[in-house]
Amino acid sequence: MAGVVASFCMSLDGFVARPDDSVGPLFDWYTAGDVEVPMVGYPMTFRVSPRSADYLRSFLDSVRHGAFVCGRRVFDYTHGWGGNPPGGGAAFVVTHRPPPSDWPASHLAPFTFVSSVSEAVELARGAGDGSVGVSGPNIAQQCLNLGLLDEVRIDLVPVFLGSGVRYFSDIDSAALLEQVEVVVGSGVTHLRYRVVRPAP
């Protein structure tokens, strides 16, 4: 799969994080099964149900040689993944601020700091095999509004968070979503949609 893909765990009421950016029970399914799935490019191993394992492996394989775009909020919250961005390839951080002053020079190599989403996506497309993972709901929303998003993935978790950060809350795009895949795991339902843009 070559394209720009946003993938988030989401509660039934549409939130991908609590108000403090923590994910609470949204990630519980990552450790609720017996099948091990190593994260690509990052020292982490998931333990999920067999159906979720097949879905995750397919997705991780599709972005293995791609690049990654995130916002500064996600970068700061994760502490830059310790210098190892998800996917193991190049990462582009959308921000108007310079890299953190205490960020180790040895960790800067995978990351490029740019000022716009469109620039980040363009650079990311050229940095790998064409597949681009998008992290941060605000970045995903901007990609959708700019016509840059090709695929939306939702790992739907049967909980209500009540408040927090929504997956999509500021959409002015007329794009439609075409269902591509539904996988029912344990404690999560995986939904995959292709973004369909109306003819001009």
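Residues numbered from 1 in each chain as written. Predicted model: local features only at pLDDT ≥ 70, side-chain atom pairs only at ≥ 80, totals over all residues. Heavy atoms only, no water.

(A) How the structure looks around the overall build of the protein. Secondary structure assignment for the protein yields four helices and 12 strands. Relative to the compact-globule value of 16 Å for 200 residues, the protein shows a C-alpha radius of gyration of 16 Å, a close match. Counting only C-alpha atoms and orienting by the principal axes, one finds that the protein spans roughly 45 × 40 × 35 Å. Taking all 200 residues of the protein together, the buried fraction comes to 45%. In the protein, the proportion of contacts linking residues at least 24 apart, taken out of those at least 6 apart, comes to 64%. In the structure as shown, the protein presents an accessible area of about 9,800 Å², 53% of it carried by carbon and sulfur atoms. Each charge class in the protein was averaged separately, 14 positive and 20 negative side chains, and the resulting centres sit 2 Å apart. (Helix = DSSP H or I, 4+ residues; strand = E, 2+ residues; numbered from the N terminus. Rg over C-alpha atoms; globule rule 2.2 N^0.38 Å. Buried < 20%, exposed > 50% of the residue type's maximum accessible area, 1.4 Å probe, protein only. Contact = heavy atoms within 4.5 Å. Areas by Shrake-Rupley, 256 points an atom, 1.4 Å probe, with all protein chains shown as cover. Lys, Arg positive; Asp, Glu negative; His and termini not counted. Charge placed at Lys NZ, Arg CZ, Asp CG, Glu CD.)

(B) Broad picture of the pattern of salt bridges. Enumeration over the complete set of coordinates arrives at nine salt bridges. For arginine 73, the salt bridge is made with aspartate 21, and the minimal N-O distance between the two is 2.6 Å. Pair noted here: arginine 73 is in helix 2 (residues 72–77) and aspartate 21 is in the loop between strand 2 (15–17) and strand 3 (35–38), with a separation of 52 residues, a long-range link. Residues joined by salt bridges that share partners form a network here, namely Glu151, Arg153, Glu181 and Arg192. (Salt bridge = Lys/Arg side-chain N within 4 Å of Asp/Glu carboxyl O.)

(C) Main features of the sheet that holds strand 7 (residues 111–114). Taken in spatial order, the eight strands of this open sheet run 7-6-5-8-1-9-12-11, and their pairing is mixed. Unpaired on one side and paired on the other, strand 7 and strand 11 (176–184) mark the two borders of the sheet. Between one strand and the next, the sheet's axes are offset by a mean angle of 25 degrees, whatever the strand orientation. Judged from the six bridges that link them, strand 9 (residues 151–157) and strand 12 (residues 189–196) form a sheet pairing that is antiparallel. From the neighbouring strand, leucine 156 faces strand 12, where its bridge partner is threonine 189. The sheet contacts of helix 3 (residues 117–127) involve strand 1 (4–11), strand 5 (67–71), strand 6 (91–94), strand 7 and strand 8 (132–135), and relative to strand 6 the element is tilted by about 180 degrees. (Pairing = 2+ DSSP bridges. Axes fitted to C-alpha atoms, helices over the stretch in contact; angles between N-to-C directions.)

(D) Broad picture of the environment of aspartate 21. Through-space distance from the C-alpha of aspartate 21 to that of valine 165 is 7.2 Å; in sequence the pair is 144 residues apart. Once residues lying within four places of it in the same chain are set aside, the contact partners of aspartate 21 are Arg73, Tyr77 and Val165.

(E) Helix 3, seen in detail. Those residues of helix 3 lying buried are Val117, Ala120, Val121 and Ala124. One side of helix 3 carries all its buried residues, which in axial view fall inside an arc of 95 degrees. Away from its buried face by more than 90 degrees, helix 3 exposes Glu122 and Gly126. (Arc of directions from axis to C-beta.)

(F) Looking closely at the nonpolar core. Membership of the largest hydrophobic core comes to 31 residues, with the highest contact counts inside it found for Val69, Val134, Cys143, Leu149, Ile154 and Tyr167. With residues near it in sequence (within four places) discarded, valine 69 still touches Phe92, Val94, Ala120, Val121, Ala124, Val132, Gly133, Val134, Ser135 and Ile139. Val48, Ala53, Leu56 and Val157 belong to the second largest nonpolar core, which has 16 residues in total. (Core = buried A, V, L, I, M, F, W, Y, C linked by side-chain atoms within 4.5 Å.)

(G) Inspection of the confidence of the model for the protein at higher detail. Predicted confidence across the protein gives a mean pLDDT of 88, with 94% of residues reaching 70 or more. Within the protein, strand 9 carries the highest mean pLDDT (96), whereas helix 2 carries the lowest (89). (pLDDT = per-residue confidence, 0-100.)

(H) Unusual backbone geometry, seen in detail. Despite not being glycine, histidine 79 has its phi angle at roughly 55 degrees, a positive value. Along the chain, the position of histidine 79 falls in the loop between helix 2 and strand 6. Here the phi dihedral of tryptophan 81 falls at roughly 55 degrees; this positive angle occurs in a residue that is not glycine. Summarising the element assignment, tryptophan 81 is placed in the loop between helix 2 and strand 6.

(I) The environment of proline 98, seen in detail. Its location among the elements puts proline 98 in the loop between strand 6 and strand 7. Here proline 98 falls in the exposed class, since its relative accessible area comes to 58%. With 73 residues separating them in the primary sequence, proline 98 and isoleucine 171 have C-alpha atoms 28 Å apart.

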